[in-house]
Amino acid sequence: MARSYTLAELAQCSGAQLRGDGDCIIQGVESLNGAGSGQISFFNNRKYRKYLADTAASAVILRPEDAADCPCNALLTDNPYLVWAKITQCFAEQSHQESGVHAAAVVDARAEVSHSASIAAGSVVGEGAKIGADVRVGPNCVIGRNVTLGRGTHLVASVTLLDGVRLGEDCLVHPGAVIGSDGFGLANDGGRWEKVAQLGSVSIGNRVEIGANTTIDRGAIHDTIIADGVKLDNQIQVAHNVEIGENTAIAACTGISGSTRIGAGCTLAGGVGVVGHIELADGVHVSGASVVSRSLKEPGVYTGGVLAMPHKTWQKNIARIKQLDDMARRLRKLEKMLEKSLEEES
Amino acid sequence: MARSYTLAELAQCSGAQLRGDGDCIIQGVESLNGAGSGQISFFNNRKYRKYLADTAASAVILRPEDAADCPCNALLTDNPYLVWAKITQCFAEQSHQESGVHAAAVVDARAEVSHSASIAAGSVVGEGAKIGADVRVGPNCVIGRNVTLGRGTHLVASVTLLDGVRLGEDCLVHPGAVIGSDGFGLANDGGRWEKVAQLGSVSIGNRVEIGANTTIDRGAIHDTIIADGVKLDNQIQVAHNVEIGENTAIAACTGISGSTRIGAGCTLAGGVGVVGHIELADGVHVSGASVVSRSLKEPGVYTGGVLAMPHKTWQKNIARIKQLDDMARRLRKLEKMLEKSLEEES
Amino acid sequence: MARSYTLAELAQCSGAQLRGDGDCIIQGVESLNGAGSGQISFFNNRKYRKYLADTAASAVILRPEDAADCPCNALLTDNPYLVWAKITQCFAEQSHQESGVHAAAVVDARAEVSHSASIAAGSVVGEGAKIGADVRVGPNCVIGRNVTLGRGTHLVASVTLLDGVRLGEDCLVHPGAVIGSDGFGLANDGGRWEKVAQLGSVSIGNRVEIGANTTIDRGAIHDTIIADGVKLDNQIQVAHNVEIGENTAIAACTGISGSTRIGAGCTLAGGVGVVGHIELADGVHVSGASVVSRSLKEPGVYTGGVLAMPHKTWQKNIARIKQLDDMARRLRKLEKMLEKSLEEES
C-alpha cells in the first residue's frame, strides 16, 4: 500500500517549483519512457530528449530551460536528480519494525537501549553498548561491547559491529557489513608472523551509509575514521588507520590499504585499489578499477589500467609491453643517427 | 557413510554407455592418478593421457575414441565432464535437515511456510514471506518481508534476503550472500549526498546458484534481474538494475556496475569489472581481471590488463607507458623523414 | 581498565634488553610523536628519526645501534617491530566470554564441546562437531556438522563453517568469514550448467588467521588446504583445491583461483588475482593489484598493471596500446632501412 501524494505536496517536500495542476495525484515514480498516468518522472540528460516529448507521465521533474519541451505538469528545479531523490524517498515503504527488544534478541543487562529503539530477533547486544533513540537494529546483528549507535541509525540485518565501534546519527548499514575487525598487522619473526594487537577502534560520523559485506578494520593504535556524510557501497575494504573525509563516496569492490587518508568530497569508482600510507587530496576522483600507488596532492580525475579489447588484439599488443624500454631506446638511437646524418649532409 | 553404486547404476543415472563389468561396485570418485579399487575417475584432457594407462581406478569416464587406451571398465560419453558432474552428485552427502520450523527459528505469523519446507535454528522469517515446498533454510538466515522462495530452493546458512526478493525453484544460495540490499543511488546536493530510495527489488529465476558473500542490490525503480540457470561464484557484486541473461556463469570477485545488461550464455572469469549502463551480447567471454568499459556487441573473447612479470622488468618498461604517445609521434616523424629522403634520392 | 606494566616486565615478556629504569610504569602504546609519559613507542624506520629525539615517550623500542639517539628509557632489540607486536598484545583487552554454552546458542546433542570452550548467544553447532578446549565461539556463528575446532581457536562473531571443515589450534577467524562453501564446479550441458558436487572439505592448520568476509571453498574431491601460520586478510577468495603454504601472508581483496598452489613464506599484497591450476614457489612476493597468470617458479618480486595517472595523460597514451605491435614492426623496418642505407654508403 504505497502512499499517494498531490503534485503540490511533492513540490513542497522536494523544494521544486510547481508548474501545472497541483491537485494531480501521483502514485509512483517511473522512467520517462515507461511512465503512465499517476506517475512522475525526471529529465536530467538531454540524451533522452526524445522520450520527454512522448512521455505519458503525469508530471516530470526538469530544469526551467527544458520546461517548454514538457508535455505535462512539471516540477522545475536546477537539480532534477536531487528533486527526484527526495521524491523517491516519499514513495519508499516505511519499515514496520516496532520499538522495543524482540523476545528472541539477546541484550546484555549492562547495555543501554533507548525506549524508542528497536532490536529485532536474533540480534545480540554486548555489555556497555549504548543504543540511541530511534535506532533500528534488524535481525541477526551482532553489537559488541561498548558499541555506540547514535540517534536514528539503522542496521538493516546481519550487521556485525565489534567492541568499541562508534556510529553517529542517521547512519545506514547494510547486511553483512563488518566494522571493527582487526587490522592486518603482523611482525615477522624469522619467517613466522607475530600479531600486532589492534588497540584502536572505528569512529564513524553522522549520515554515513555502509554497503553490504563492506569491511572496516579497527585502528592499530588510534581509530579508523569515517567522517560525516561518507557513502560506501558494497564489498569495500577499509584497512586499519584509514581516514575518509566528509562526503566522499566510494563505489563497490574498492580496497583502501592501511593508514591512507582520503580527502573530503572525493569519489572513487568501483574496483579501485589504493595503497597504504598515502594521501588523496580533497576533490580527487579516481576512475573505475584504477590502482592508486602514490599520494595525489591535486584535485582532479585519475585513471589507470588497460581496458578489455578483443582477445587477439590484446594478445598481439600486450606482448610488446616487455619491449617498451628497448623500443624507446632504439627509437632514440634512430633519431640520433638521422640527426647526425642530416648534420653531415648540411 | 557415503553410498555405493554398481557401475551399471552410475551409467544409468548419468546417461553414459557402460563398457565392462556393470556389477562392479563403485564407492567414490577420485582423480586418475589417485584412484584405486572401487573408485571411478574421468579422462577429459589429453594432457593427462599418461595417467590413463596407469590408473588403478575401477572405472573411467571417457570419450569413445579414447576407450582403447583405458585399462579398466569405462563409461563412454561425448561429454566426460558432464557425466562426471552427475556422478559426483550421486556421492554427495544428503542433507539431514528435517522439515518443519526449528524451535529456535523466528517465523512471523503472517508468513506462509510449506509443510515440506525446513527452517533451521536462528533463522528469522518476516511478514508475508512465502516459503515453497521442499525449501531448506539453513541456520542464521534472514528472510525479509514478502520474500518468495520457489520449490526446492536451498539457503545454506547465514544468507540475508531483504524485503520483496523473489527466488525461483531449485536455487542454491551460499552463506553470507546478501540479496536485495539498496542500490548505490545518490544525488549531489551542493557537496552532500541525498539518497535515491531504491524502490525495486531483485527477481531471480530457477536453478540459479549464488556464491558465498556475493551481493545483489535491489533496483532503483524496477527489479534487478537474474535469469534462469545463472551461476554466480563468491564475492560477486551485482549493482542495481543489472540484468544477467540465462545460463551465464560468473567467477569470483567480479563486479558489475549499475544498469548493465549481460547477455545469455556469457562467461566472466574471476576479478572482472564491468562499468555501468552498457550491454554485453550473448556469448561474450571476458578473461580474468579484465575491465569492460563499453558495450560488447559481438560474441567472442575479450581481455585487458598487464599481467604480472618480474618487478624489475615491469618497472623498466611500464615507466614508458607515459611516453607512448610521444613515441608514436616521433616514430611517425622518422618515417616521414625517411620517406622524404628516399624520394629525394630517387 | 587496561593493565599497566613495569618496563622490566615488558622487557621480559618481549625478550628485549632493558636500558634505563625498569620500574618505570607503562600504561599504553603510542607512536613516537604522539607518545607522552607512561607510554612506550618504537623506532624502526630511520625516516622518522626526527621524531625520536623529541619524543616524550617513557620508553622506546629500538635497535642497539640507534640507542644513542634515544632520549628516554629503551628496550633494545634487533627486531623492534616484533617486540612492539608482543607488547601490543600485553595491552589488548582480554575477552570476557565465559566458558560454557549460552542459553541462546543451539548445540546439537551429538556435538562434543569441551568444558573450557564457550559458545555465545545465537550460535548454532551441528551434529558431530568437535569443539576443543579453550575454544571461543562468538555470537551468531554457524558451525556445521562434523566441524573440528582445535584448542584455543577463536571465532570472533558471525562466522560460518560448513560441514566437515577442520581448523587447528590457536586460529583466529573474523566476522563474516565463510569456510567450506561449495567450489565453483560446473559442467556444460548444451548451454546449461550441471553442478559438480564438491566432495572435499577445508583443512586449516594451526595459528591461521582469517579475515572478515573472507571465503574459502571446499575442494572438489580432496580438501582445500591452508597450512600452519598462514595469515589471510579481509575479503579474500580462496577457490576449491587451492593449497597455501606455511606462513604465507595475503592482504585484502585478493582472489586465488581453483587448484592453484601457493608456496610457503610468500606474500601477496592487496587486490592480487591468481589464475587457476598454477604454482607459486616458496618466497614469491606479488605486488598489489597484480594479476598472476602463470606459474612463478623462482622466488622474487612480481608486479603487473598500469597505475593511475592524471586522466588526460592516461587517455592520450593508453590509446596507443593497440598500436604497440604495429609500432614495434615499423620501428624494426626503419632500423633495417637505415642499416641498409649505411651499408650502401660504406
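How each quantity is defined
- Residues numbered from 1 in each chain as written.
- Chains lettered and ligands numbered in written order.
- Predicted model: local features only at pLDDT ≥ 70, side-chain atom pairs only at ≥ 80, totals over all residues.
- Heavy atoms only, no water.
- UniProt positions renumbered as here; feature names shortened; annotations may be inferred.
- Pairing = 2+ DSSP bridges.
- Helix = DSSP H or I, 4+ residues; strand = E, 2+ residues; numbered from the N terminus.
- Contact = heavy atoms within 4.5 Å.
- Buried area = accessible area lost by both parts, 1.4 Å probe.
- Salt bridge = Lys/Arg side-chain N within 4 Å of Asp/Glu carboxyl O.
- Polar contact = N/O pair within 3.5 Å; in protein donor to acceptor, adjacent residues only side chain to side chain.
- Nonpolar A, V, L, I, M, F, W, Y, C, P; charged D, E, K, R; others polar.
- Phe/Tyr/Trp six-rings, centres within 6.5 Å; stacked < 30°, edge-to-face > 60°.
- Buried < 20%, exposed > 50% of the residue type's maximum accessible area, 1.4 Å probe, protein only.
- Least-squares fit on C-alpha atoms with pLDDT ≥ 70 in both.
- Expected span 1.5 Å × (residues − 1).
- Axes fitted to C-alpha atoms, helices over the stretch in contact; angles between N-to-C directions.
- Parallel < 35°, antiparallel > 145°, perpendicular 65-115°, else oblique.
- Left-handed = near helix turned anticlockwise from the far one by under 90°.

- In the nomenclature of an unreviewed UniProt entry, chain A corresponds to UDP-3-O-acylglucosamine N-acyltransferase from the organism Thiolapillus brandeum.
- Comment text from UniProt for chain A, heading Sequence similarities (unreviewed entry), reads "Belongs to the transferase hexapeptide repeat family. LpxD subfamily."
- Word for word, the UniProt comment on chain A under Subunit (unreviewed entry) is "Homotrimer."

**Description of the sheet that holds strand β36 (residues 279–280) of chain A**
Residues and elements named next belong to chain A.
Part 1 of the argument: Sheet architecture is open: nine strands sit in the order β10-β13-β16-β19-β24-β27-β30-β33-β36, paired in parallel fashion. Looking at which strands have only one partner, the edges of the open sheet turn out to be β10 (112–113) and β36.
Part 2 of the argument: With two bridges joining them, strand β27 (residues 224–226) and strand β30 (residues 243–244) adopt parallel strand pairing. Paired with Ile 225 across the bridge in β30 is Glu 243.

**A few points about the interface of chain C and chain A**
Part 1 of the argument: At the junction of the two partners, chain C supplies 72 residues and chain A supplies 64 residues.
Part 2 of the argument: Roughly 5400 Å² of surface becomes buried between chain C and chain A when both sides are summed, with 64% attributable to carbon and sulfur atoms.
Part 3 of the argument: Taken as a group, C:Ala308, C:Leu324 and C:Leu331 account for 10% of the area that chain C buries against chain A, more than any other trio of residues on that side.
Part 4 of the argument: Put simply, chain C and chain A have three salt bridges between them.
Part 5 of the argument: Between A:Arg330 and C:Glu335 there is a salt bridge, with the nearest N and O atoms lying 2.7 Å from each other.
Part 6 of the argument: Across the contact surface, chain C and chain A share 28 residue pairs in polar contact (both at pLDDT 80 or more).
Part 7 of the argument: Secondary structure elements with two or more residues in the side of chain C that touches chain A: α3 (80–91), β28 (231–232), β31 (249–250), β40 (309–310), α4 (311–318) and α5 (324–345) of chain C.
Part 8 of the argument: Take the side of chain C that touches chain A: its biggest share by element is 12 residues, from α5(C).
Part 9 of the argument: The class makeup of the residues in the side of chain C that touches chain A is 37 nonpolar, 21 polar and 14 charged.

**Remarks on the packing of aromatic side chains**
Residues and elements named next belong to chain A.
Part 1 of the argument: This model, assessed by the stated rule, comprises 12 aromatic pairs over all chains.
Part 2 of the argument: Residues Tyr 48 and Tyr 51 carry aromatic rings whose centres are separated by 6.2 Å and whose planes lie at 20° to one another, so their mutual orientation is stacked.
Part 3 of the argument: By relative accessible area, Tyr 48 is classed as partly exposed at 36%.
Part 4 of the argument: Counting every residue linked through ring pairs, the aromatic cluster contains Phe 42, Tyr 81 and Trp 84.

**Observations regarding unusual backbone geometry**
All names here are of chain B.
Part 1 of the argument: At Asn 140, a position not held by glycine, the phi torsion is positive, near 60°.
Part 2 of the argument: Examined against the element boundaries, Asn 140 turns out to sit in the loop between β14 (136–137) and β15 (142–143).
Part 3 of the argument: The exposure class assigned to Asn 140 is buried, which follows from its relative accessible area of 6%.
Part 4 of the argument: Positive phi outside glycine occurs at Ser 259, with the angle close to 65°.
Part 5 of the argument: Position of Ser 259 relative to the elements: it lies in the loop between β32 (255–256) and β33 (261–262).
Part 6 of the argument: Residue classification places Ser 259 among the partly exposed residues on the basis of a relative accessible area of 24%.

**A word on the UniProt feature "active site" (unreviewed entry) in chain A**
Residues and elements named next belong to chain A.
Part 1 of the argument: Sequence positions flagged by UniProt for "active site" (unreviewed entry) are, in local numbering, His 240.
Part 2 of the argument: Examined against the element boundaries, His 240 turns out to sit in the loop between β29 (237–238) and β30.
Part 3 of the argument: By relative accessible area, which is 13% here, His 240 ends up buried.
Part 4 of the argument: Residues in contact with His 240, not counting those within four places in the same chain, are Gly 183, Phe 184, Gly 185, Gln 198, Asp 217, Arg 218, Gly 219, Ala 220, Thr 224, Gly 258 and Ser 259.
Part 5 of the argument: A polar contact is formed between the side chain of His 240 and the side chain of Gln 198, at a distance of 2.7 Å.

**Here's the deal with the relation of the copies chain C and chain A**
Part 1 of the argument: Laying chain C over chain A is done by rotating through 120° and shifting 0.0 Å along the axis; what remains is an RMSD of 0.0 Å. On the angle and the small slide along the axis, the relation comes out as a three-fold axis.

**Points about the side chain of C:Ser290**
Part 1 of the argument: With respect to the element layout, C:Ser290 can be found in the loop between β37 (284–286) and β38 (291–292).
Part 2 of the argument: Those residues within four positions of C:Ser290 in sequence are excluded, and the remaining contacts are B:Ala308, C:Gly271, C:Val272, C:Gly273, C:Tyr302, C:Thr303 and C:Gly304.

**A short note on helix α3 (residues 80–91) of chain B**
Residue and element names in this part refer to chain B.
Part 1 of the argument: The end-to-end C-alpha distance of α3, which contains 12 residues, comes to 17 Å, matching closely the 16 Å that a straight helix rising 1.5 Å per residue would cover.
Part 2 of the argument: The element α3 is largely enclosed, with a buried count of nine among its 12 residues.
Part 3 of the argument: Every buried residue of α3 is accounted for by Pro 80, Leu 82, Val 83, Trp 84, Ala 85, Ile 87, Thr 88, Cys 90 and Phe 91.

**Some points on the pattern of salt bridges**
Part 1 of the argument: The full count for this structure, using the stated rule, is 54 salt bridges over all chains.
Part 2 of the argument: A salt bridge links A:Arg110 to A:Asp108; the nearest nitrogen and oxygen atoms lie 3.0 Å apart.
Part 3 of the argument: Across the salt bridge formed by B:Asp182 and B:Lys195, the nearest N and O atoms sit 2.8 Å from each other. Pair noted here: B:Asp182 is in the loop between β21 (178–181) and β22 (186–189) and B:Lys195 is in strand β23 (residues 192–195), with a separation of 13 residues, a long-range link.

**Here's the deal with the side chain of B:Asp325**
Part 1 of the argument: Mapped onto the elements, B:Asp325 comes out in helix α5 (residues 324–345).
Part 2 of the argument: Among the polar contacts made by the side chain of B:Asp325, one reaches the side chain of B:Arg329 at a distance of 2.9 Å.
Part 3 of the argument: Residues within four places of B:Asp325 in sequence aside, it is in contact with C:Lys316, C:Asn317 and C:Arg320.

**Examining the interface of chain B and chain A**
Part 1 of the argument: Contacts between the two partners involve 64 residues from chain B and, on the opposite side, 72 residues from chain A.
Part 2 of the argument: Here chain B meets chain A over a buried area of about 5400 Å², counting both sides, of which 64% is carbon and sulfur.
Part 3 of the argument: Summed over the three residues of chain B that lose the most area to chain A, namely B:Phe184, B:Trp193 and B:Thr303, the buried surface amounts to 12% of that side.
Part 4 of the argument: At the boundary of chain B with chain A, the tally comes to three salt bridges.

**A closer look at the packing of helix α1 (residues 7–14) of chain A against helix α3 (residues 80–91) of chain A**
A pair of packed helices is captured by two measures, namely the crossing angle of their axes and the spacing between those axes.
Residues and elements named next belong to chain A.
Part 1 of the argument: Taken N-terminus to C-terminus, the directions of α1 and α3 make an angle of 120°; their axes are 9 Å apart at the nearest point. In this view, α1 runs oblique relative to α3, as classed from their interaxial angle. Crossing of α1 against α3: the hand is right-handed. Across the interface between the two elements, Leu 10, Cys 13 and Ser 14 from α1 touch Val 83, Lys 86, Ile 87, Cys 90 and Phe 91 from α3.
Part 2 of the argument: Taken together, the residues of the contact of α1 with α3 break down into six nonpolar, one polar and one charged.

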